[in-house]
Amino acid sequence: MNDPATSGDVRAFLESVPLFDGAPPRALDVVASVVRRRRFEADTLLFQEGEVGDALYLLADGLVKLSKVDLGGHEKTLALLRPPDFFGEMALLGHSNRSAAAVTVVPTTCYLLFRDDFQRLLSAYPTVSLNLTSTLAERLRGMDDEAQVLSYQDAQGRVAYVLLRLYRDGVVELLEDRARARLTHQDLANLAGTSRETVTRALKALEAEGLIETRPREVDLLDVQGLEEVLHGVR
Ligand code: CMP
């Protein structure tokens, strides 16, 4: 997506954000007048887990990784977000701190909506509150599915699940005969909640079945249906 910079472009970008689906034009005018555009280099820490949060981030361009560190010091990637996703709303609801860290993966542009403006928007426009609730419900459903997969599946099933999730979330490059995920084995391990060595073995097994092709920092999905079959244990 382009990197909207003019006020007209900001308005057009806001219209594409699911948080504002069905919201009255007045609501978008208000948001357009208060958001602040920020451009970040790749690998910028936007905020750390546990920090006090002051803004919601509307992702206009780029890719952002949300992650947590477990008690054993291992990083778990919660999600990779792309435009027009948003994040950072949880710390603005109630009195909690940032539930996860956010880091840019590539050069990224966000529009920041600050706490008071966000809260005023939710109070004034029920449509926006409902949209927010449905996004939170979707995330919860995703986490329920993931908890199930990660507790019952073997390594191949877990890795298949992670690859399919990247595919469905659009965090892949669609080529003529394949979908390319640009990730290291460690990135995949952080997504699958397992070790890099385990991921490497699982990728080799999936590659031997002709479902994927791997190169350093790249995994090509060749057979999405086949990966589904691995996930559902019918292969
Ligand atoms: P906040 O707690 O303010 O900062 C971290 C953000 O990560 C959080 O708000 C959510 O917007 C987002 N987040 C937390 N958990 C998940 C998840 N499981 N999936 C997607 N996004 C999440």
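In this text, all values refer to a predicted model and were calculated from it rather than measured experimentally. All chains use their own residue numbering, which begins from 1 and follows the written sequence. Whole-chain, interface and lining totals are the exception, using all residues; otherwise, since this is a predicted model, local features are given only for residues with pLDDT of at least 70 and side-chain atom pairs are given and counted only at 80 or more. Side-chain measures were taken over the full set of non-hydrogen atoms in the model, leaving aside hydrogen atoms and water.

S.K.: Residues and numbers for the site of the ligand, please.
M.R.: Near the ligand there are 14 residues, and of these Gly88, Glu89, Ala91, Arg98 and Ser99 occur at the shortest range. Throughout this description, a polar contact denotes any pair of N or O atoms lying within 3.5 Å of each other; where both atoms belong to protein, one of them has to be capable of donating a hydrogen while the other can accept it, and for residues adjacent in sequence the pair is counted only when both atoms sit in side chains. In the model, an oxygen atom of the ligand is placed 2.7 Å from a nitrogen or oxygen of the Glu89 side chain. At a separation of 2.7 Å, an oxygen atom of the ligand approaches a polar side-chain atom of Ser99. Residue-level accessible areas treat just the shown protein chains as cover; the underlying method is Shrake-Rupley with a 1.4 Å probe. When the ligand sits alone it has 460 Å² of accessible area, and the protein chains cover 93% of it. Labels follow the DSSP assignment, with helices taken as runs of H or I lasting at least four residues and strands as runs of E lasting at least two, numbered in each case from the N terminus. Listed by contribution, the elements that provide at least two residues to the shell around the ligand are strand E5 (75-81) and helix H4 (126-152). Tallied by class, residues from the shell around the ligand come to nine nonpolar, two polar and three charged. It suffices for a single heavy atom of a residue to lie within 4 Å of a molecule or strand for the residue to be listed as near it. Only Asp, Glu, Lys and Arg are considered charged in this grouping, and only Ala, Val, Leu, Ile, Met, Phe, Trp, Tyr, Cys and Pro are considered nonpolar; every other residue, Gly among them, is considered polar.

S.K.: Can you tell me about unusual backbone geometry, naming the residues and giving the values?
M.R.: Here the amide bond leading from Pro83 into Pro84 is cis, since omega sits at 0°, within 30 degrees of zero. Of note, the phi angle at Asp43 is positive, near 65°, even though the residue is not glycine. Considering the arrangement of structural elements, one finds Asp43 in the loop between strand E1 (36-40) and strand E2 (45-47). One non-glycine residue, Arg217, adopts positive backbone phi at about 65°. With respect to the helices and strands, the residue Arg217 is situated in the loop between strand E11 (212-215) and strand E12 (218-221).

S.K.: Explain the sheet that holds strand E4 (residues 64-69) to me, and be specific about the residues and the numbers.
M.R.: Two strands form a pair only when DSSP identifies at least two bridges running between them. A sheet is described by the order of its strands in space; here four strands give the open sequence E2-E7-E4-E5, paired in antiparallel fashion. Each edge of the open sheet is held by one strand with a lone partner, namely E2 and E5. Ignoring which end each strand starts from, the neighbouring axes of this sheet average 30° apart. Between N-to-C directions, angles span 0 to 180 degrees; the directions come from axes that are lines fitted to C-alpha atoms, helices contributing only their stretch in contact.

S.K.: Lay out the sheet that holds E11 with the relevant residues and their values.
M.R.: Strands sit in the order E9-E10-E12-E11 across an open sheet of four strands; the sheet is antiparallel. Looking at strand neighbours, the two that pair on one side only are strand E9 (173-174) and E11, the edges of this open sheet. As paired elements, E9 and strand E10 (residues 179-181) share two bridges and run antiparallel to each other. Bridge pairing links Glu173 to Arg180 in E10. The criterion used for residue contact is that any of the two residues' heavy atoms lie within 4.5 Å. Along the sheet, helix H7 (residues 196-208) contacts E11 and E12; its crossing angle with E11, the most-contacted strand, is approximately 130°.

S.K.: I'd love a proper account of helix H3 (residues 115-124), names of residues and values included.
M.R.: Within H3, the full set of buried residues consists of Phe118, Leu121 and Leu122. Buried residues of H3 fall within an arc of 95° about the axis and therefore sit on the same side. Among the exposed residues of H3, those pointing more than 90 degrees away from its buried face are Arg120 and Ser123. Buried residues belonging to H3 abut helix H2 (25-34), strand E3 (55-61), strand E8 (108-114) and H4. Using a 1.4 Å probe on the protein chains alone, a residue whose accessible area is under 20% of its type maximum counts as buried, one over 50% counts as exposed, and one in between counts as partly exposed. In this context, the arc is that of the directions from the helix axis out to the C-beta atoms.

S.K.: Describe the pattern of salt bridges, listing the residues and the values that go with them.
M.R.: Every case where a carboxyl oxygen of Asp or Glu lies within 4 Å of a side-chain nitrogen of Lys or Arg is listed as a salt bridge. A full pass over the atoms with the stated rule returns 22 salt bridges. A salt bridge links Arg39 to Asp61; the shortest N-O distance between them is 3.4 Å. Highlighted residues: Arg39 in strand E1 and Asp61 in strand E3, separated in sequence by 22 residues. Overall, the relative accessible area of 16% leaves Asp61 in the buried class. Linking Glu228 and Arg168 is a salt bridge whose minimum nitrogen-to-oxygen distance equals 2.9 Å.

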